Amino acid sequence: MASITRAQDPDELTNFTNPGDINSSCYGCHKIMDPIAGAFQSYGDFGEYLHKEAGTTTLSNVYIRDGKRWNNQDNPLRFHPGDTWYRDNLIPPGFNDKHMNTSQDYWYKTLQRKENYVDATQWLANEIVNDEQFLSGTVKFWYPAIFGSDPISVPVNTNDPDFDQRSQIYLYQQTLINKLAQNFKFRKMNLKDLLVDMVLTDQYRALDRLDINTNIELVAGQGVLLTPEQLDRKIYAITLHHWNNMSNPDSNHKLLNDFYYYYGGIDSDEIDKRTRDITSLMSLVIQRMNAEFSCRMVMDEFVLPRGDRRLFTVVDDLSSVPALAPDTAEGVYKIDLDNIRHQIAKLHFDILGEQLDDQDPEVSFTLDLFTQVWTKRINDDNFSDVPSQNSEDMMYNEYCNTGGVDWDRNVWPYKNPEQTLKAWQAVVIYLMSDFKFIYR
Amino acid sequence: MQRRNFLKSFSAAGLVAGTSITQKALAAADYEGPIFITLQARGGWDVTSLCDPKTSYVLTNRDGTTENILVNRWSETLEIGEVTGSEIKYAPFAQNEKLFTNHAEKMMILNGIDMQTNSHQAGTINTWSGRFSEGLPTFTALVAQAYGQGLPMAFVSNGGYAATSGIISPTLLAGNSRRLRDLVTPNKVNSNSLSDTRNFIAQSNLSIINQFKQDRLDRLLARNGLPFTQKVLNQFSSAQSDQNDLQYLQDEILHGRDENGDDIVGEVTAGNYNATLSYNNQFLDQIELTLAAGAANLMVAADLTTGGFDTHGNHDNSQANALRTLTDGVDFLWKKAEALGIDNRIRLVISSEFSRTPKYNDSNGKDHWPVNSMIFMQKPGAVATTGREIKYGKVFGASSDGHRALQLNPTDLSAIQFGSEDENDPKPTLQPKHVHRVLRRWAGIENDPFSELFDLDAGDLNVEQII
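These numbers come from a predicted model, not from an experiment.

An account of the overall build of chain B is requested, with residue identities and associated values reported.
Broken down by element type, chain B carries 13 helices and 14 strands. Here chain B, with 467 residues, has 61% of them falling under the buried criterion. Taking as baseline every contact in chain B between residues at least 6 positions apart, the subset at least 24 positions apart corresponds to 68%. Only carbon and sulfur atoms are counted for the fraction: they give 45% of the accessible area of chain B, which is about 17,300 Å².

Next up, the structure:
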């Protein structure tokens with residue numbers, strides 16, 4: 001809390017034991033915090049609800065014990081049966097200088113009757129929501145979720161090398177927050193409207209520096225790294241597969257478990273800041289994900305009838321090839337270049353969100369990748385009947401994470417002498433490791 | 001580079017939150033210099049029960065009356081420990097005797113550090129960056145930037161305070177060693193077996209895919225984009241191009257383990273060490289992976305973290321547990337570093353955001369107290385071509401019996417007795433900004449351009465006396 005400089009003087013720390021004392025420098029922050037703490041009076045240290053004294057209080061054992069030990073009638077500042085808050089607290093429960101009914105006066109039935117609340121936290125929630133600062137506070141709460149990082153704190157050291165730059169950004173962000181907050185108020189605090197307003201800002205939508213003014217160029221644009229939680233959901237939304245143990249669809253999602261911290265996850269304790277800059281180790285998580293995930297995902301797609309697939313809805317099956325196969329090659333071939341190209345354009349849209357014409361150069365580059373992998377394999381005698389032996393191609397030491405699928409069955413799609421499965425897998429890896437897939 | 005040009009290029013690269021300056025390595029990742037590690041004891045440790053031992057003191061109240069204040073209950077039955085041939089003293093608490101008996105020869109201690117705050121946040125920033133307010137990089141970020149250009153994980157973070165001011169990106173290494181093996185050999189079907197050589201993707205295919213990925217990235221970079229996007233694309237590109245170097249972690253992760261990753265009896269591993277303890281110390285895994293990165297010559301600096309020190313209630317029991325975890329971790333760190341052959345390279349500094357009140361509160365706890373200590377550790381004789389050596393067994397700075405930070409004479413750093421200060425000519429106390437000057441001198445980066453850029457404004461004490 002930056003309301004006031006926290007006590008620095010050992011003399012003061014020695015002599016003041018109650019941070020609610022108005023003469024202490026602790027008071028600057030505690031006058032805000034303590035009343036709010038008082039509104040949580042029905043809940044114990046671990047969230048228990050009125051768990052002491054026959055369900056009447058949550059106050060500290062020491063306070064209750066001392067109140068019972070001494071004749072409380074002689075000491076109005078000690079605990080009395082039925083109390084829900086500390087009598088010796090110098091700052092009563094409340095919010096923003098407004099006091100809530102407390103101690104022996106305060107009892108949930110009384111409140112329920114008088115003010116239509118069943119608990120003090122409901123009173124507090126109502127007060128918070130009706131405070132003007134709730135508007136900008138809400139914008140700031142959602143800010144990192146939408147824009148990828150918290151708004152910067154006010155620059156204070158004029159000698160810092162980036163002081164001017166940070167000042168510009170700070171002013172821009174504060175102006176934006178205020179504007180969004182006023183719109184939020186105007187729209188009767190409808191959160192959906194606020195989120196829409198946020199994604200309609202230049203900061204969120206800008207793709208090119210022509211779109212915006214120079215003040216926000218350094219924080220605007222594509223390039224917010226997805227968190228492990230977001231990437232996990234994106235993978236499923238696009239592929240209908242989770243990255244987990246392929247043989248057990250109910251197993252833990254690897255991005256949220258095995259590799260969670262390596263990919264920048266937080267535990268909200270020792271690790272409480274999300275990693276926003278990708279590292280080499282994080283890029284290996286993406287590589288591992290594609291290595292484990294892609295072959296099985298592509299195969300599972302082609303097992304299904306075309307109409308039931310998620311991604312490969314253009315090409316009929318794995319017999320579609322981009323060019324004439326060698327005379328010696330086995331298999332059923334259908335030269336289907338147009339559909340392969342169209343399929344690739346669709347994958348660019350489904351996976352990267354790129355809306356490309358079939359003749360777009362990016363589609364052509366991806367088609368080149370498909371063709372190179374296919375050509376290499378179709379012209380290699382070692383691949384004449386691969387993969388058809390089992391889940392492992394011994395010649396190329398290549399393994400598909402089938403999760404128990406029996407590749408010994410000499411049937412399509414496990415038997416793929418047309419050599420298109422690995423070509424499509426290469427395309428999927430190429431797209432699912434792209435900047436536009438792991439950032440937004 | 002001239003300072004003006006340096007500043008200009010730095011500004012252009014963008015210092016704002018989340019930015020990073022990426023300069024490619026001049027040579028392959030192979031750092032063999034000193035490894036700087038901070039151990040962040042989170043929550044506010046009690047140095048009066050560690051390296052600045054206090055027993056009791058006479059408090060003069062405002063009305064002139066006096067009372068005897070008990071600082072630590074252990075003092076009712078035990079004497080302060082002393083290290084022979086050293087200025088170091090320690091509290092006979094938790095497992096301190098084990099720590100100081102086995103490792104004091106590697107120590108130099110700064111006591112009486114005037115934190116000027118008892119706020120967790122401000123104290124943390126101050127301890128690890130040298131200033132209250134945000135904006136300075138931590139010492140580890142600074143030194144990693146200075147020596148680690150081009151290393152894929154020059155700066156390793158395990159949580160805690162890791163502000164970089166945009167000069168380097170931290171690698172979060174908190175995790176499981178078996179899963180880390182999955183990552184350093186990402187194409188291996190069974191990363192935790194050396195004999196199983198199966199891959200997911202044929203190497204020939206992988207080469208084709210990687211070439212297309214790089215070409216695509218080059219095209220994205222070549223397009224006119226916003227500075228923010230350009231910067232992120234550069235980070236993305238660097239991360240991919242440096243990732244192959246991480247395979248060198250494989251051998252170091254397996255140190256003391258068989259090919260399946262199981263501990264070998266008698267070897268120094270986190271699992272074997274844990275088996276000797278009466279509790280489960282998860283902190284050891286963090287230490288082990290961090291040292292693996294150092295031994296693989298991939299890392300310059302790292303932050304370790306361990307918590308549990310915010311003992312507002314039941315202080316003696318809870319603080320002892322937290323200290324026990326910390327001191328066992330320090331003991332393991334040096335044992336493992338020796339086993340890996342990198343103990344000569346380790347430079348360890350241990351501290352917290354502040355200390356705890358020199359008295360017990362009504363809940364048998366201790367609250368926040370703005371006087372701190374820092375322990376420096378380096379193996380005697382372990383002098384590298386860069387940086388300096390600590391003064392082993394020395395204690396600099398001082399605090400009173402009631403744990404007040406004492407003013408120091410600026411030239412010789414001798415302490416001015418509590419109550420004898422000259423009100424008309426107050427002398428400075430030892431503060432984090434001075435400590436960070438010491439740290440920078442220790443690492444030999446006091447004249448690094450970034451050290452000059454992030455000036456500490458701490459010239460009022462002659463810290464050359466310390467290092």
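Residues and numbers for the overall build of chain A, please.
Counting secondary structure elements, chain A contains 15 helices and six strands. Looking at chain A as a whole, 50% of its 440 residues are labelled buried. Long-range contacts, defined as pairs at least 24 residues apart, comprise 58% of the intrachain contacts of chain A with a sequence gap of at least 6. With the model as given, the accessible surface of chain A reaches about 21,400 Å², and the carbon-plus-sulfur share is 50%.

Tell me about the side chain of Gln343(A), and name the residues and values.
Looking at the element boundaries, Gln343(A) is found in helix α12 (residues 337-352). Those residues within four positions of Gln343(A) in sequence are excluded, and the remaining contacts are Leu311(A), Phe312(A), Thr313(A), Val314(A), Val315(A) and Trp424(A).

Describe the nonpolar core, with residues and values.
In this structure, Trp424(A), Phe437(A), Phe100(B), Leu249(B), Ile346(B) and Leu348(B) are the most contacted members of the largest nonpolar core, which totals 136 residues. Top contributing element to this core by residue count: helix α11 (residues 280-303) of chain A, with 13 residues. Non-local contacts of Phe437(A), meaning those with residues more than four positions away in its chain, are made with Leu226(A), Leu231(A), Lys234(A), Ile235(A), Ile238(A), Met289(A), Ile351(A), Leu352(A), Leu431(A) and Met432(A). If you look at the next biggest cluster of nonpolar residues, it comprises 48 residues, including Phe155(B), Val300(B), Leu456(B) and Ile466(B).

Describe the sheet that holds strand β14 (residues 395-396) of chain B, with residues and values.
Pairing is mixed in the open sheet, where eight strands are placed in the order β8-β7-β9-β1-β10-β13-β6-β14 (chain B). Of all strands in the sheet, those with a lone pairing partner are β8 (171-172) and β14 of chain B, marking the two edges.

Tell me about the pattern of salt bridges, residues and numbers included.
Throughout the structure, instances matching the rule amount to 36 salt bridges over all chains. A salt bridge links Glu362(A) to Arg219(B), with the nearest nitrogen and oxygen atoms 2.7 Å apart. Separated into two different chains, Glu362(A) in helix α13 (residues 361-378) and Arg219(B) in helix α6 (residues 203-222) make up a pair that spans both. Taken as a pair, Glu362(A) and Arg219(B) share a single burial class, namely buried. Asp343(B) is the salt-bridge partner of Lys379(B), the closest N and O atoms lying 2.8 Å from each other. Residue Lys379(B) is found in the loop between β13 (371-378) and β14, and its partner Asp343(B) is found in the loop between α11 (315-340) and β10 (346-352); the two are separated by 36 residues along the sequence.

Talk me through unusual backbone geometry; I want residue IDs and the actual numbers.
All names here are of chain B. With phi around 65 degrees, Leu 413 is a residue other than glycine that occupies positive phi space. Counting through the fold element by element, Leu 413 comes out in the loop between β14 and α12 (432-443). Non-glycine residue Asp 457 carries a positive phi angle of around 50 degrees. Relative to the helices and strands, Asp 457 resides in the segment after α13 (449-453).

Give a description of the packing of helix α2 (residues 96-103) of chain B against α11(B) that names residues and reports values.
Relative orientation and spacing of two packed helices are given, respectively, by the angle between their axes and the distance between those axes. Residues and elements named next belong to chain B. One can describe the packing of α2 onto α11 by two numbers: an axis separation of 9 Å at closest approach and a directional angle of 25 degrees. One element, α2, and the other, α11, form an angle in the roughly parallel class. With respect to the hand of their crossing, α2 and α11 are arranged in left-handed fashion. Contact with α2, carried on its side by Asn 96, Lys 98, Leu 99, Asn 102 and His 103, involves Leu 323, Thr 327, Asp 328, Val 330, Asp 331 and Trp 334 of α11 and no other residues of that element. Counted by class, the contact of α2 with α11 contains four nonpolar, four polar and three charged residues.

How would you explain the layout of surface pockets if you had to name every residue and give the values?
Each pocket or cavity is described by its volume, and for the second largest pocket that value is around 570 Å³. Lining the second largest pocket are 27 residues, and of these Asp267(A), Ala174(B), Gln282(B), Phe283(B) and Gln286(B) sit closest to its centre. The set of elements that each furnish at least two residues to the lining of the second largest pocket consists of α10 (283-295) and β9 (301-306) of chain B. Per element, the largest residue contribution to the lining of the second largest pocket is four residues, and it comes from α10(B). Residue composition of the lining of the second largest pocket, by class: nine nonpolar, 13 polar and five charged.

Please set out α12(A) residue by residue, giving values where relevant.
The end-to-end C-alpha separation of α12(A) is 22 Å, in line with the 22 Å expected for 16 residues at 1.5 Å each. If you follow the buried residues of α12(A), they end up packed against α10 (228-239), β3 (320-321), α13, α14 (421-432) and α15 (435-438) of chain A together with α6 of chain B. Where α12(A) terminates, the next one or two residues include Gly353(A), which has phi positive at roughly 75 degrees.

Talk me through empty space enclosed by the protein; I want residue IDs and the actual numbers.
For the structure shown, the criterion picks out seven cavities of 30 Å³ or more. Taken as a whole, the second largest cavity encloses approximately 80 Å³ of empty space. Elements that contribute at least two residues to the lining of the second largest cavity include exactly α11 of chain A together with α6 of chain B. If you tally residues by element for the lining of the second largest cavity, the top one is α6(B), at four residues. When grouped by side-chain class, the residues that make up the lining of the second largest cavity number six nonpolar, five polar and one charged.

So, the environment of Thr313(A): which residues are in play, and what are the values?
Residues and elements named next belong to chain A. Summarising the element assignment, Thr 313 is placed in the loop between α11 and β3. C-alpha of Thr 313 to C-alpha of Gln 343: the two residues are 30 residues apart in sequence and 7.4 Å apart in space. Beyond its immediate sequence surroundings of up to four residues, Thr 313 is in contact with Arg 306, Gln 343 and Lys 346.

Account for the interface of chain A and chain B, with residues named and values stated.
Between chain A and chain B, the contact holds 85 residues from the first and 91 residues from the second. Summing both partners gives a buried area of about 7,600 Å² for chain A against chain B, and 58% of it is carried by carbon and sulfur. Linking chain A with chain B are eight salt bridges. Note that Glu362(A) and Arg223(B) form a salt bridge whose closest N and O atoms lie 3.0 Å from each other. Our enumeration of links across chain A and chain B arrives at 22 residue pairs in polar contact (both at pLDDT 80 or more). Among the elements that take part in the side of chain A that touches chain B, α11(A) stands out by supplying nine residues, more than any other. Looking at side-chain class alone, the side of chain A that touches chain B contains 37 nonpolar, 23 polar and 25 charged residues.

Could you give an account of α10(B), with specific residues and numbers?
All names here are of chain B. For α10, spanning 13 residues, the distance from its first C-alpha to its last is 19 Å, which sits close to the expected 18 Å at 1.5 Å a residue. Within α10, 12 of the 13 residues are buried, leaving the element largely enclosed by the surrounding structure. For α10, the full list of buried residues reads Phe 283, Leu 284, Gln 286, Ile 287, Glu 288, Leu 289, Thr 290, Leu 291, Ala 292, Ala 293, Gly 294 and Ala 295. A positive backbone phi angle near 60 degrees is found at Asn 297, which sits one or two residues after α10.

Give me a nonpolar patch on the surface: which residues, what numbers.
All names here are of chain A. Judged by side-chain polarity, Phe 40, Tyr 43 and Tyr 49 come together as a nonpolar surface patch covering roughly 290 Å² of accessible area. Of note, Phe 40 is situated in the loop between α2 (27-39) and α3 (61-69). The exposure class assigned to Phe 40 is partly exposed, which follows from its relative accessible area of 42%.

What counts, and where the lines are drawn
- Residues numbered from 1 in each chain as written.
- Chains lettered and ligands numbered in written order.
- Predicted model: local features only at pLDDT ≥ 70, side-chain atom pairs only at ≥ 80, totals over all residues.
- Heavy atoms only, no water.
- Helix = DSSP H or I, 4+ residues; strand = E, 2+ residues; numbered from the N terminus.
- Buried < 20%, exposed > 50% of the residue type's maximum accessible area, 1.4 Å probe, protein only.
- Contact = heavy atoms within 4.5 Å.
- Areas by Shrake-Rupley, 256 points an atom, 1.4 Å probe, with all protein chains shown as cover.
- Core = buried A, V, L, I, M, F, W, Y, C linked by side-chain atoms within 4.5 Å.
- Pairing = 2+ DSSP bridges.
- Salt bridge = Lys/Arg side-chain N within 4 Å of Asp/Glu carboxyl O.
- Axes fitted to C-alpha atoms, helices over the stretch in contact; angles between N-to-C directions.
- Parallel < 35°, antiparallel > 145°, perpendicular 65-115°, else oblique.
- Left-handed = near helix turned anticlockwise from the far one by under 90°.
- Nonpolar A, V, L, I, M, F, W, Y, C, P; charged D, E, K, R; others polar.
- 1 Å grid on protein atoms, 1.4 Å probe; cavity = no way out; pocket = protein on both sides within 12 Å on 5 of 7 lines; lining within 4 Å.
- Points joined across faces, edges and corners; volume = space filled by probe spheres on them.
- Expected span 1.5 Å × (residues − 1).
- Buried area = accessible area lost by both parts, 1.4 Å probe.
- Polar contact = N/O pair within 3.5 Å; in protein donor to acceptor, adjacent residues only side chain to side chain.
- Patch = residues over 30% accessible without salt bridge, like charges linked within 9 Å, V, L, I, M, F, W, Y side chains within 5 Å.

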